[in-house]
Amino acid sequence: FVLLPLPFCGATSARWLPSGGGCDFGPVSMSARKAVGEPPYWTSDEATGSGLQSRTPLDLQQYKVYHSDGSTGTGSVGSHTEEGHMARLAKDSAGAEEHEREKCDAEGRWQNTQELKAHWPGAEEEDDQEIEDSRQGHLQDDAFDAFGGFGNGSWASIDGTKKPATATPDTTRKARGQADGRKRRTEFWLNQRIVAMSKSGEGSSPGSMVMKLLDFADKHHQSMNGMNFATTFHRIAKMTAAASPATRHQVLKDPRFQRLRGVLEAAIRQAAEGMEPDPSSPPGQNWVLEEPWLLSIIVWAYATLRVLPDRGVVNVAAVVIATHIHRFKPFEASNVLWGFAKMHIQHPVLFTAGAEAVIECPSKFSKQCLSIIAWAFATVRLRHAALLQAIADEMAKNRWECKSQEISNTLWAFATLSRPAPTLFRELGQEALQKLSTFKAQELSNTIWAFAVVGSRVPQLFRAAAEAAIQISNTLEPQNIANLLWAFAKMRLRCSSVGHLLRIALKQLYNFKPQEISSTLWAIAKLQMEDSVYFCSEVQQAVLHRLGTFSPQALANSVWACVQTGTLTAAFLQGVCVAAMSCVSEFEPLSLCNLLNGIGTYFSYGAVAPDGIELCLAHKIICEAHNRIAIFRPQELVKLVQVVTDLVPLGWPELMTLLEAVHQLARKKHLKFTLPQLGELVHSLALLGVKAPQLYQIFGERVLRNTTLLRAKERMGLMLALHVISADPEVGLCRQSRAACWDTQSLGFQVSDDVAQ
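Being a predicted model, the structure only gives us computed values, none of them experimental.

The subject of this paragraph is empty space enclosed by the protein. The tally for this structure, following the rule as stated, stands at 5 cavities of 30 Å³ or more. The computed volume of the second largest cavity comes to approximately 80 Å³. In this structure, the second largest cavity is lined by Ile268, Leu295, Ile298, Val299, Tyr302, Pro309, Val313, Val314, Ala317, Phe340 and Met343. Looking at the lining of the second largest cavity, the elements that each hand over two or more residues are helix 10 (294-305) and helix 11 (311-323). Looking at side-chain class alone, the lining of the second largest cavity contains 11 nonpolar, no polar and no charged residues.

It is worth spelling out the side chain of lysine 639 at this point. Mapping lysine 639 onto the fold places it in helix 28 (residues 634-643). Notably, lysine 639 is buried but unbridged: the nearest opposite-charge side chain belongs to glutamate 680, and the N-O separation is 9.2 Å. Once you skip the residues sitting within four places of it in the chain, lysine 639 turns out to touch Trp560, Leu590, Cys593 and Asn594.

A separate point is unusual backbone geometry. Here histidine 344, not a glycine, exhibits a phi torsion of approximately 60 degrees, which is positive. Note on placement: histidine 344 falls in the loop between helix 12 (330-342) and helix 13 (348-360). Residue serine 418 is not a glycine yet carries a positive backbone phi of 55 degrees. Mapped onto the elements, serine 418 comes out in the loop between helix 16 (404-416) and helix 17 (422-434). Taking relative accessible area as the criterion, serine 418 reaches 55% and is therefore assigned exposed.

With that out of the way, let us pick up the pattern of salt bridges. Throughout the structure, instances matching the rule amount to 15 salt bridges. Here arginine 269 and glutamate 265 are joined by a salt bridge, their closest N and O atoms 3.7 Å apart. Of the two residues, arginine 269 and glutamate 265 are both situated in helix 9 (residues 255-271); the distance of 4 residues between them amounts to about one turn of the helix. With a closest N to O distance of 2.9 Å, glutamate 431 and lysine 435 form a salt bridge.

Bringing the packing of helix 25 (residues 570-580) against helix 27 (residues 613-627) into the picture now. At a minimum axis distance of 9 Å, the contact between helix 25 and helix 27 shows a crossing angle of 45 degrees. Classified by the interaxial angle, the pair formed by helix 25 and helix 27 is oblique. The element helix 25 and its partner helix 27 pack so that their crossing is left-handed. Together, Leu573, Gln574, Cys577, Val578 and Ala580 of helix 25 and Ile613, Glu614 and Leu617 of helix 27 make up the contact between the two elements. Looking at the contact of helix 25 with helix 27 residue by residue, the classes come out as 6 nonpolar, 1 polar and 1 charged.

Take the environment of methionine 209 next. Considering the arrangement of structural elements, one finds methionine 209 in helix 6 (residues 206-220). Residue methionine 209 is classed as buried on the basis of its relative accessible area of 12%. Each C-alpha atom, one on methionine 209 and one on threonine 240, is 9.4 Å from the other, the two residues being 31 residues apart in sequence.

Helix length check: helix 24 (residues 552-565), at 14 residues, gives a terminal C-alpha distance of 20 Å against a target of 20 Å (1.5 Å per residue), a fit within 8%. Counted residue by residue, helix 24 has 12 buried out of 14 residues, so it is predominantly covered. Taken together, the buried positions of helix 24 are Pro552, Ala554, Leu555, Ala556, Asn557, Ser558, Val559, Trp560, Ala561, Cys562, Val563 and Thr565.

Let's shift gears to the packing of helix 28 against helix 30 (residues 675-687). Look at helix 28 against helix 30: their axes get within 9 Å of each other, and the N-to-C directions meet at 25 degrees. When the axes of helix 28 and helix 30 are compared, the pair comes out roughly parallel. For the element pair helix 28 and helix 30, the recorded crossing hand is left-handed. Residue-level contacts link Pro634, Gln635, Leu637, Val638, Val641 and Gln642 of helix 28 to Gln677, Glu680, Leu681, Ser684 and Leu685 of helix 30. Counted by class, the contact of helix 28 with helix 30 contains 6 nonpolar, 4 polar and 1 charged residues.

Bringing the nonpolar core into the picture now. Ranked by size, the top nonpolar core spans 203 residues in total, and within it Phe233, Ile321, Phe340, Ile391, Leu596 and Leu640 carry the most contacts. Of all the elements, helix 10 adds the most residues to this core, at 10 residues. In this structure leucine 640 touches Cys593, Leu596, Ala625, Ile629, Phe632, Leu658 and Val662, once residues within four positions along its chain are discounted.

Before going further, it helps to examine the packing of aromatic side chains. Counted by the stated rule, this structure contains 6 aromatic pairs. Arranged with centres 5.1 Å apart and planes meeting at 85 degrees, the rings of phenylalanine 351 and phenylalanine 377 form a pair that is edge-to-face. Of this pair, phenylalanine 351 sits in helix 13 while phenylalanine 377 sits in helix 14 (residues 367-379), placing them 26 residues apart in sequence. Of the two residues, phenylalanine 351 and phenylalanine 377, both sit in the buried class. Ring plane angle 80 degrees and centroid distance 5.5 Å describe the contact between phenylalanine 462 and phenylalanine 488, whose orientation is recorded as edge-to-face. Of this pair, phenylalanine 462 sits in helix 19 (residues 459-471) while phenylalanine 488 sits in helix 20 (residues 478-490), and the two are 26 residues apart along the sequence. Here phenylalanine 462 and phenylalanine 488 have matching classes, each one buried. Three or more aromatic residues link up through ring pairs in this structure, and these residues are Phe233, Phe257 and Tyr302.

Conventions adopted
Residues numbered from 1 in each chain as written. Predicted model: local features only at pLDDT ≥ 70, side-chain atom pairs only at ≥ 80, totals over all residues. Heavy atoms only, no water. 1 Å grid on protein atoms, 1.4 Å probe; cavity = no way out; pocket = protein on both sides within 12 Å on 5 of 7 lines; lining within 4 Å. Points joined across faces, edges and corners; volume = space filled by probe spheres on them. Helix = DSSP H or I, 4+ residues; strand = E, 2+ residues; numbered from the N terminus. Nonpolar A, V, L, I, M, F, W, Y, C, P; charged D, E, K, R; others polar. Buried < 20%, exposed > 50% of the residue type's maximum accessible area, 1.4 Å probe, protein only. Lys, Arg positive; Asp, Glu negative; His and termini not counted. Salt bridge = Lys/Arg side-chain N within 4 Å of Asp/Glu carboxyl O. Contact = heavy atoms within 4.5 Å. Axes fitted to C-alpha atoms, helices over the stretch in contact; angles between N-to-C directions. Parallel < 35°, antiparallel > 145°, perpendicular 65-115°, else oblique. Left-handed = near helix turned anticlockwise from the far one by under 90°. Expected span 1.5 Å × (residues − 1). Core = buried A, V, L, I, M, F, W, Y, C linked by side-chain atoms within 4.5 Å. Phe/Tyr/Trp six-rings, centres within 6.5 Å; stacked < 30°, edge-to-face > 60°.

Dropping the structure here:
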């Protein structure tokens with residue numbers, strides 16, 4: 001033996017190094033030495049197992065053995081044939097193997113969780129050098145074992161010859177422990193190789209790297225465990241997401257990838273049977289119940305690949321995760337919910353378990369985790385009041401910890417779920433105002449959109465956001481521009497920056513999707529900007545050949561915007577009618593009204609031929625509205641009656657039947673109408689000559705009860721309605737209502753009865 005003391009080793013601890021022979025002793029236990037009062041002449045790493053220490057630095061023939069339980073034993077070098085000492089040595093070596101096995105488990109899970117954490121929105125990539133150092137360290141440990149170090153399943157005598165240990169129950173257990181330790185080290189090494197292979201292809205295409213990884217996994221699948229399979233699947237998903245659609249299709253159809261999926265899904269299905277892990281089972285079959293946290297990696301990979309497992313696998317995975325959610329780390333739980341939401345799977349059991357985990361202790365979840373969970377619930381349109389309240393309280397309380405993406409995702413989620421949360425919006429709005437320079441284009445537009453949806457009007461934030469958007473105009477996507485303009489229109493806010501956004505939109509007009517075009521047109525019509533007319537005219541010319549790709553709502557909104565700005569052209573209207581003719585039944589009630597308004601407006605100009613497609617569509621819309629009149633809301637009924645006014649000269653019986661149906665529905669549901677809405681409706685019906693004495697009587701009674709609550713503008717509207725219907729001798733109450741409503745003092749100006757009429 002050659003013993004190198006501390007000054008010669010150049011490290012913090014000395015180690016017994018073999019020279020011609022070897023030593024089968026584990027690391028020295030410092031605590032055991034202290035327990036018997038022996039001085040530590042040479043030290044080794046703290047670990048469970050036996051240790052060797054010389055009584056005298058130069059006396060290597062006599063030594064004392066210290067064990068983890070504090071007991072000691074004596075002997076001399078080469079006296080390994082002592083039966084009692086051999087048994088004790090085998091026991092302590094097995095303990096060292098157990099420690100090594102636990103270390104491999106812990107390090108393996110750490111490696112996988114770091115890899116999974118790296119793919120959160122906004123997270124940083126892990127350190128490449130750390131992976132390489134870990135790999136090199138493992139190879140050094142293997143080299144030490146090869147020279148007769150601890151954990152290699154044999155010992156060496158002083159002359160260098162290998163001698164097997166005596167076959168006893170303890171040594172049998174030791175052999176099994178050593179074999180299991182080697183298997184664990186192999187699995188851990190495989191995991192490191194998988195990670196290293198996916199990062200070593202600098203300059204290579206993602207497709208070629210995926211193929212190499214599939215080859216490696218297919219070659220070593222007999223030695224792989226659940227962690228290895230999950231890591232491989234995760235890495236393939238990551239690289240495929242960065243590849244072209246053709247490469248993605250090739251990977252998904254590859255037989256090796258199909259076999260990998262088969263192993264994963266077979267293990268998940270087996271978990272449904274509640275089987276306990278069986279050591280004799282093939283690799284990759286019994287790990288789901290042992291290590292359920294690996295399902296977070298698999299779910300993330302499926303969502304990233306945009307591949308949906310069959311319903312049985314999804315249900316089993318969701319139930320297993322929900323059952324063991326307490327064993328998941330916060331980011332693992334949030335990534336599971338993200339994956340299910342990304343695949344648009346609303347599993348109540350899983351999402352309820354995730355919500356309960358957050359509610360139990362929201363402070364242990366990072367702001368990134370909370371924002372991802374809120375995003376997931378909003379994506380699947382699942383409202384959980386207690387969860388949203390817990391997230392709102394935690395985020396508002398620690399707003400300074402929130403980054404731009406966390407602010408954006410959280411506000412978007414609350415707006416999507418129609419959860420105003422005033423305190424949350426106020427606190428995060430102030431934080432966003434201070435960090436606008438760090439916001440990306442998508443985050444900026446989503447934040448402003450969320451404030452507009454919940455009706456939170458913050459002019460300072462809106463204007464600052466518009467200026468920040470102009471600063472990053474080269475990264476603005478059409479959707480970002482459309483969302484920003486829509487939000488400003490919804491809040492009725494105008495500023496010079498909005499005009500700049502409009503000019504940016506014109507440059508990207510041909511990249512806009514149909515929904516983005518209609519949303520932008522709607523916003524321009526609402527804002528009535530200086531460039532509104534020019535923009536609407538340009539849009540009509542640009543999208544004329546694309547109208548067939550527009551949704552019913554996009555068609556109706558585009559027509560409404562062009563009518564409001566006075567720019568509707570005959571060619572555009574005709575193209576819209578052609579596109580809408582085959583899908584009238586898909587239009588919402590308000591969209592039917594908007595489309596009918598455009599046709600009626602052009603008909604009043606005399607620019608529509610009697611046998612043109614415009615009037616054919618109008619007739620079809622009137623019939624469709626009559627069939628679905630029961631689902632129209634009060635404001636939609638009012639608008640419907642107003643837009644058909646221009647079409648009354650056509651004398652269609654279906655039109656008069658529709659007006660009578662509106663009258664009957666309004667009479668039955670008059671309490672759902674506000675008084676101004678009811679006033680507009682009866683005014684339009686009276687002008688069209690519809691006989692509705694009972695509805696007029698109801699209206700007069702409501703006017704008498706609520707006159708003092710009306711604003712001046714509303715009173716003027718009601719006066720017009722009362723004047724029109726007061727000529728009906730069957731409605732005597734309306735004259736009294738008219739007198740009660742007519743109060744020149746409250747109107748704020750002097751006006752004669754003739755002027756009001």
